[in-house]
Number of protein chains: 2
Amino acid sequence: MTDNVRIALDAMGGDHGPAVVVPGADISRARHPRAEFVFFGDQASIAPLLDTCPKLKAVSRIVHTDVAVRMDDKPSQALRHGRWKSSMWLAIDAVKKGEADVAISAGNTGALMAMAKFNLRTMPGIERPAIAALWPTLRGESVVLDLGASIGADAEHLVDLAVMGSAMARVLFDLERPTVGLLNIGVEEIKGLEEVREAGQILREAQLPELDYIGFVEGTDMGLGTADVVVTEGFAGNIALKAAEGTARQMGEYLKSALSRTWRARLGYFFAREAFKVLRDKMDPRKVNGGVFLGLNGIVIKSHGGTDADGFASAIDVGHDMVRYALLEKIRKTLAHYQQRGKAPPLGEAAL
Amino acid sequence: MTDNVRIALDAMGGDHGPAVVVPGADISRARHPRAEFVFFGDQASIAPLLDTCPKLKAVSRIVHTDVAVRMDDKPSQALRHGRWKSSMWLAIDAVKKGEADVAISAGNTGALMAMAKFNLRTMPGIERPAIAALWPTLRGESVVLDLGASIGADAEHLVDLAVMGSAMARVLFDLERPTVGLLNIGVEEIKGLEEVREAGQILREAQLPELDYIGFVEGTDMGLGTADVVVTEGFAGNIALKAAEGTARQMGEYLKSALSRTWRARLGYFFAREAFKVLRDKMDPRKVNGGVFLGLNGIVIKSHGGTDADGFASAIDVGHDMVRYALLEKIRKTLAHYQQRGKAPPLGEAAL
């Protein structure tokens, strides 16, 4: 094993396959000189693209397979037809076998999660995996999870999400003790779901050294960046993410149409176009591309299926950092603290 | 009983009380010449404000009470201290007694819902009330519900929400048969919650003449306006609403900061300022102010607590239209159709 980060790529995943995966890898490679890449997929499609990126080629190899999971395969179909042999499976399997440190795919989420679960299994102490993503906020970025890996959550699962999400925030934001909020529909203690209240109580009493539980947060807090980590069950999390994406797109449309309406507006746009570029960059969904699968014995990153090379490079960046800054180790350590707490003789306040 | 719309106002509700409620009523009055108003609250605060609006005064009366529900009262406190005598209760009670057609309050949501439920009771055939709101979309507006009146929903409640929401859409959008989508985390039939799938099956088989069920929609569809009515349970609905509000605010901040960064950007803003005014108007949350309580034997509208006179006027407008275009009648009729269907001998496809 080397100090390098070894990245397994499902070259056939996503709407564009190798045409995005290879140039995406080249962009990320330039930012991470010690990364190595393995491309799983159709040799005949990958090799010519790799030839155009000599620096990437020097740190890459190709593992050929004919089989690719389709974007519309159901998870069960993908497992039936793609296990042992699809590019998606092989990328995950490289992580399982210790030949790679992280697997990245723009393939379909359900299939990727099913294969990752089947092959890597959940970590000891974690019942169900989760999908986490970076959420752009007025203060920077937050980690939000779960975004739909599973539906519904009891208090224990919400606590697991807090543990895993805070480990991810420590990796990505270089924080000692990120703040964690539980998503709820009101900040008063009396409101919201029973399991959310119970999870809040557990987190408050646990006083974990790796995370700072700050209580309930509401939907509006996500954009404000009130907490470094926002925890919710997968149904509400997925809806929130997509509602926010939809709103951002909607406002972009409003802006575009307002600025092309009159000659004065078009002139204004001309003068302010640098400012709009900054704005566009800030809102660029490609910059925060990369759903992180948490709770498995290995790191798997899901890129948006429709992304371009820049977006795919962001997903690789996220995966790279997760390895480099020891995500799994951090999760294990926090889990151990949490579990020791559970087994320790009850403290005064824990008896409540 | 006259043909006029009689509007009961909780003059003490919201962050600003009569200072917003009275001028708000005056703005709405100008748009609805046949509206009549009753102000419930502190006579000494209301009367001088009303004196400054002679046209409003001519169609208004004041019912004095010393008691007001506070914004931070818990629902149980509000019921204990404010029942029979608070301005909020009296406004609702006027609807109950048939002295008014609609009650509007900017007071606290939990208290208003508790009092409305306690006093007006749910309609026959409806288990639990809901809160619906207008959601601005790229195509215009949609009705979204439930936004937090209750948490969790079985399939029957989701169907009730579809029935009530479509009645509201018919009133507000003047549609014969609004499209209805069930909010879910994937458009494939295999995904999402069991109860959402079951509700989808019921709606598909019911083939109600008053609504056009179009299947599952996702969070992104809300901003796009894919369905006239978007149905979800209250927890996810509330989170989605607030996530979208947060994102809109966040993008407004980004835009403001981008446009004040350089002299070129500021010059651009100068030329395009009319366009930005259009944009601001479009995003103005006051324009869609007014959560509608559905499923009760009477119409109650919740205005945002922090709104200004324009925003409060919008809430009154919504209430006015609900009365004018017979919301309750429309809900009852659709419910009856739905219930008849339930009792009819099963059709071929219903046996599935």
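Note that the structure is a prediction, hence the values are computed from the model and not measured. (Residues numbered from 1 in each chain as written. Chains lettered and ligands numbered in written order. Predicted model: local features only at pLDDT ≥ 70, side-chain atom pairs only at ≥ 80, totals over all residues.)

## Looking at the environment of A:V229
Residues and elements named next belong to chain A.
- Structurally, V229 is set in strand β9 (residues 229-231).
- Spatially, the C-alpha atoms of V229 and V143 are 4.7 Å apart, while their sequence positions differ by 86 residues.
- Apart from the residues within four sequence positions on either side, V229 is in contact with S142, V143, A162, G165, S166, A169, P178 and V180. (Helix = DSSP H or I, 4+ residues; strand = E, 2+ residues; numbered from the N terminus. Contact = placed C-beta atoms within 7 Å.)

## Quick word on the packing of helix α1 (residues 18-31) of chain B against helix α2 (residues 43-51) of chain B
Residues and elements named next belong to chain B.
- Contact pair α1 / α2: the axes reach a minimum separation of 10 Å and the direction vectors enclose 35 degrees. By crossing handedness, the relation of α1 to α2 is classed as right-handed. Across the interface between the two elements, P18, A19 and V22 from α1 touch S45, I46, L49 and L50 from α2.
- Partitioning the contact of α1 with α2 into residue classes produces six nonpolar, one polar and no charged. (Axes fitted to C-alpha atoms, helices over the stretch in contact; angles between N-to-C directions. Left-handed = near helix turned anticlockwise from the far one by under 90°. Nonpolar A, V, L, I, M, F, W, Y, C, P; charged D, E, K, R; others polar.)

## Observations regarding the sheet that holds strand β11 (residues 299-302) of chain A
Residues and elements named next belong to chain A.
- The strand order β3-β2-β1-β4-β11-β10-β5-β6-β9-β7-β8 describes an open sheet built from 11 strands, whose pairing is mixed. Of all the strands in the sheet, just β3 (60-64) and β8 (212-217) have a single pairing partner and so form its edges. Averaged over all neighbouring strand pairs, the angle between strand axes comes to 25 degrees, with direction disregarded.
- Alignment of strand β10 (residues 291-294) against β11, held across three bridges, turns out to be antiparallel. By the bridge assignment for β11, G291 is matched with K302.
- Across the face of the sheet, helix α6 (residues 109-120) comes into contact with β4 (102-105), β10 and β11 while running at roughly 175 degrees to β11. (Pairing = 2+ DSSP bridges.)

## What to know about the relation of the copies chain A and chain B
- Laying chain A over chain B is done by rotating through 180 degrees and shifting 0.0 Å along the axis; what remains is an RMSD of 0.0 Å. Such a combination of turn and shift is consistent with a two-fold rotation axis. Every residue of chain A has its C-alpha some distance from the rotation axis, and the shortest such distance is that of A:G268, at 1.8 Å.
- Interface residue correspondence from chain A to chain B reaches 100%, placing this contact among same-surface, isologous pairings. (Least-squares fit on C-alpha atoms with pLDDT ≥ 70 in both.)

## Section: the domain arrangement of chain A
All names here are of chain A.
- Segmentation of chain A into domains returns domain 1 (1-124 + 295-325) and domain 2 (127-290).
- The centre of domain 1, based on its C-alpha atoms, is set 26 Å off from the matching centre of domain 2.
- With 20 residues of domain 1 at the contact, the number on the domain 2 side is 14 residues.
- Elements represented by at least two residues in the side of domain 1 that touches domain 2 include exactly α6, β11 and α13 (309-324).
- With eight residues, α13 is the single largest residue contributor to the side of domain 1 that touches domain 2. (Domains from an automatic or database assignment.)

## Considerations on the environment of B:T122
Residues and elements named next belong to chain B.
- Mapping T122 onto the fold places it in the loop between α6 (109-120) and β5 (130-137).
- Among the residues examined, T122 registers 16 C-beta atoms within 10 Å and is labelled partly exposed.
- Separated by 173 residues in the primary sequence, T122 and G295 have C-alpha atoms spaced 5.5 Å apart. (Buried ≥ 20, exposed ≤ 12 C-beta atoms within 10 Å, placed from the backbone.)

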